[in-house]
Each structure stands twice: as structure tokens, then as C-alpha cells.
Amino acid sequence: LVETVPRAGLVAVQTPQAFRRDWLTDAYAHRDRAQPATDDAQLIEALGHFCHRVPGAAFNLKITHGEDLRVASAFLHLMERESTRGFSLHPFAEEAQPLLEGPVPRIEDLFKDS
């Protein structure tokens, strides 16, 4: 740890990030390999393009490690129990939407080879 920066101007950024393909291709072609970028947005900004923020959701979990799968699985099961008797609580839905029939699959099963 070098220093703790003031957090007033910081925001959490979620993945996925989305960009025009030609901008992203150009950004990677012109990146400075001596100064690694932390993400695609930093490369896009280096070309002079503005990155827009859109609202995210706390349940947009990033899956990187095995323990992330366990957290996501537990979260899906919690959402299933907390749903309003079979209706989705998704914040972007215009109104309650029926969930898929049957139980929420285990996250590990989604990544098994067929």
C-alpha cells in the first residue's frame, strides 16, 4: 500500500464494458506496452474518446476464481428464495416477469462439459 486516496470522486466500474469495435481495435493497436492499462476504458480514453457511465446492479458479479462461483451460486439461490412467489425482481423489468420454470441451476453445472 502506497497511499489511501480520497474516495469522494471514485465510482465502482463493472464488467462487461462495451465499446465500438473500431475504437477498441485502434486502442489496442496504439497502446503503450510500457504503461499497462487497467482496463479497456483506459485504452479508449487514451485515444481521446469519452466513456459514458450507465447504472449497474449489485448482483452483476464478476466470476474470476472458483470461490466466485460459490458466491454466485449462493446469491442465485438467495434470489430464488427471496423472489415474490415466482416473479423476477430484476430492476430493469417494466413489471414483474415470470422466472424460468424449475429450480435455479447450480452455477458449477453451467460450466460442465457436455
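Let me begin by describing the structure that accompanies this report. The residue numbers shown here count from 1 along each chain, following its written sequence. Per-residue local features are limited, in this predicted model, to residues with pLDDT of at least 70; the limit for side-chain atom pairs, both in listing and counting, is 80 or more; totals at the level of whole chains, interfaces and linings are taken over all residues. For the side-chain quantities, the full set of heavy atoms in the structure was used; hydrogens and water were omitted.

## Let's talk about the pattern of salt bridges
A carboxyl oxygen of Asp or Glu within 4 Å of a side-chain nitrogen of Lys or Arg is what we treat as a salt bridge. Counting across every chain of the model gives 1 salt bridge. Here Arg20 and Asp22 are joined by a salt bridge, their closest N and O atoms 2.7 Å apart. Here's how the labels work: a residue is buried when its accessible area is under 20% of the maximum for its type, exposed when over 50%, partly exposed in between, all with a 1.4 Å probe on protein chains only. Residue class for Asp22 comes out partly exposed when judged on its relative accessible area of 44%.

## A look at the nonpolar core
Residues belong to one nonpolar core when they are buried, are Ala, Val, Leu, Ile, Met, Phe, Trp, Tyr or Cys, and are joined through side-chain atoms within 4.5 Å. Counting 5 residues, the largest nonpolar core consists of Ala27, Ala41, Leu43, Ile44 and Cys51. Going along the chain from the N terminus, every DSSP run of H or I of four or more residues is numbered as a helix, and every run of E of two or more is numbered as a strand. The element contributing the most residues to this core is helix α2 (residues 40-46), with 3 residues.

## Remarks on the environment of His30
Note on placement: His30 falls in the loop between α1 (21-29) and α2. What makes His30 exposed here is its relative accessible area of 55%. Linking His30 and Leu47, residues 17 residues apart in sequence, is a C-alpha distance of 8.3 Å.

## Describing the side chain of Asp68
The topology assignment puts Asp68 in helix α3 (residues 66-82). The contact rule is simple, with two residues in contact once any of their heavy atoms fall within 4.5 Å. If we skip the residues at most four places from it in the chain, Asp68 touches Lys62 and Ile63.

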